[in-house]
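# Structural overview
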Amino acid sequence: MPPRCQILLVVALLNSVLAAATPGFAAIGGQPNPADVQTIDACVGDAMTAKSDPGACIGAVSGPCLKSASTTAAMAQCSNREFLVWQAALNRDSARLMTRLPDDHAKQMLREVQRAFFVYELQQCTFERTAHKDAPPALVAAARCQARASARYDLWQIGRAHV
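Given the structure is predicted, the values throughout are model-derived calculations rather than measurements.

## Topic: the overall build of the chain
- Each helix and strand counted, the chain has six helices and zero strands in total.
- Secondary structure elements in the chain, listed N-terminal to C-terminal, are α-α-α-α-α-α.
- Going through the 163 residues of the chain one by one, you find that 38% of them count as buried.
- Long-range contacts, defined as pairs at least 24 residues apart, comprise 69% of the intrachain contacts of the chain with a sequence gap of at least 6.
- Counting every atom, the chain has about 9,000 Å² of accessible surface; 62% of that belongs to carbon and sulfur.

What follows is the structure, given as structure tokens:
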């Protein structure tokens, strides 16, 4: 099984196991918690209004969650919660950016950038997992990597949409 599939399988299994047991987690598996979405959207909106760095919003969901997480699974779940928010935002903002591009050539270039990002994310997050020798902390590292990579790419897209 390719490494990306292994990561996604582990994350999906972890999400399904913890979804029922974790208070505040989205009611629909694989969907972000509306309160988490509101936290990130408000943070990014405030940063854009203040013309400050929206990158400071990365960790707005997982940071407070990690303070009360006492197990490796709970720590991974904190990053997974944030990942779900940024992944949904990434999909939403990608569609918005695509509608603002002037022609088919620019749209094709964006699709190529997206493909390159996904390859980069796969390689970077696979490295994070293997650097921890697939030990339990590897799940936390891989989940944190996916959340941060998705957030950074989404913020890049938001910046392009406002140019």
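## A few points about the confidence of the model for the chain
- When pLDDT is averaged across the chain, the result is 86; 83% of the residues are at 70 or more.
- Taken element by element, the predicted model of the chain shows its lowest mean pLDDT in helix α1 (residues 3-21) (43) and its highest in helix α2 (residues 34-50) (97).

## Overview of the packing of aromatic side chains
- Within the structure shown, the criterion is met by three aromatic pairs.
- With a centroid separation of 5.1 Å and 65° between ring planes, the pair formed by F117 and F118 is classed as edge-to-face.
- Note on Y153 and W156: the rings are 5.6 Å apart at their centroids and 15° apart in plane angle, and the pair reads as stacked. One end of the pair is Y153 and the other is W156, both in helix α6 (residues 136-161) and three residues apart, which spans about a single turn.
- Ring pairing ties together the aromatic residues F117, F118, Y153 and W156, which thus form one cluster.

## Examining unusual backbone geometry
- Although it is not a glycine, K51 adopts a positive phi angle of roughly 55°.
- Checked against the element boundaries, K51 lands in the loop between α2 and α3 (62-68).

## A short note on the packing of helix α5 (residues 104-131) against α6
- Two numbers describe how α5 lies on α6: the axes approach to 8 Å, and their chain directions differ by 160°. On the basis of the axis angle, α5 is roughly antiparallel to α6. By crossing handedness, the relation of α5 to α6 is classed as right-handed. Contacts between α5 and α6 involve L110, V113, Q114, F117, E121, Q124, C125, E128 and R129 from the first element and A138, A141, A142, C145, Q146, A149, S150, R152, Y153, W156 and Q157 from the second.

## Overview of the layout of surface pockets
- Reported here for the largest pocket is a volume of approximately 220 Å³.
- Lining the largest pocket are 16 residues, and of these R92, D93, R96, I158 and H162 lie nearest its centre.
- Breaking the lining of the largest pocket down by element, the ones donating at least two residues are α2, α4 (72-100) and α6.
- Ranked by the residues each element gives to the lining of the largest pocket, the list is headed by α4, at six residues.
- For the lining of the largest pocket, a count of residues per class yields seven nonpolar, three polar and six charged.

## With respect to the nonpolar core
- In terms of nonpolar packing, the biggest core is built from nine residues, these being I40, V44, C57, V61, V85, W86, A151, L155 and I158.
- Mapped onto this core, the elements with two or more residues apiece are α2, α4 and α6.
- When residues in this core are grouped by element, the largest group, three residues, is from α6.
- Membership of the second largest hydrophobic core comes to eight residues, among which are L97, M98, F117 and Y153.

## Quick word on the state of the cysteines
- Evaluation of the coordinates by the stated rule reveals three disulfides.
- Note on cysteine connectivity: C65 is disulfide-linked to C78, with sulfurs 2.0 Å apart. In this structure, the disulfide formed by C65 and C78 twists by about -70° around the S-S bond and is classed as left-handed. You can see C65 sitting in helix α3 and its partner C78 sitting in helix α4, a full 13 residues away along the chain.

Parameters and conventions
Residues numbered from 1 in each chain as written. Predicted model: local features only at pLDDT ≥ 70, side-chain atom pairs only at ≥ 80, totals over all residues. Heavy atoms only, no water. Helix = DSSP H or I, 4+ residues; strand = E, 2+ residues; numbered from the N terminus. Buried < 20%, exposed > 50% of the residue type's maximum accessible area, 1.4 Å probe, protein only. Contact = heavy atoms within 4.5 Å. Areas by Shrake-Rupley, 256 points an atom, 1.4 Å probe, with all protein chains shown as cover. pLDDT = per-residue confidence, 0-100. Phe/Tyr/Trp six-rings, centres within 6.5 Å; stacked < 30°, edge-to-face > 60°. Axes fitted to C-alpha atoms, helices over the stretch in contact; angles between N-to-C directions. Parallel < 35°, antiparallel > 145°, perpendicular 65-115°, else oblique. Left-handed = near helix turned anticlockwise from the far one by under 90°. 1 Å grid on protein atoms, 1.4 Å probe; cavity = no way out; pocket = protein on both sides within 12 Å on 5 of 7 lines; lining within 4 Å. Points joined across faces, edges and corners; volume = space filled by probe spheres on them. Nonpolar A, V, L, I, M, F, W, Y, C, P; charged D, E, K, R; others polar. Core = buried A, V, L, I, M, F, W, Y, C linked by side-chain atoms within 4.5 Å. Disulfide = S-S within 2.5 Å.

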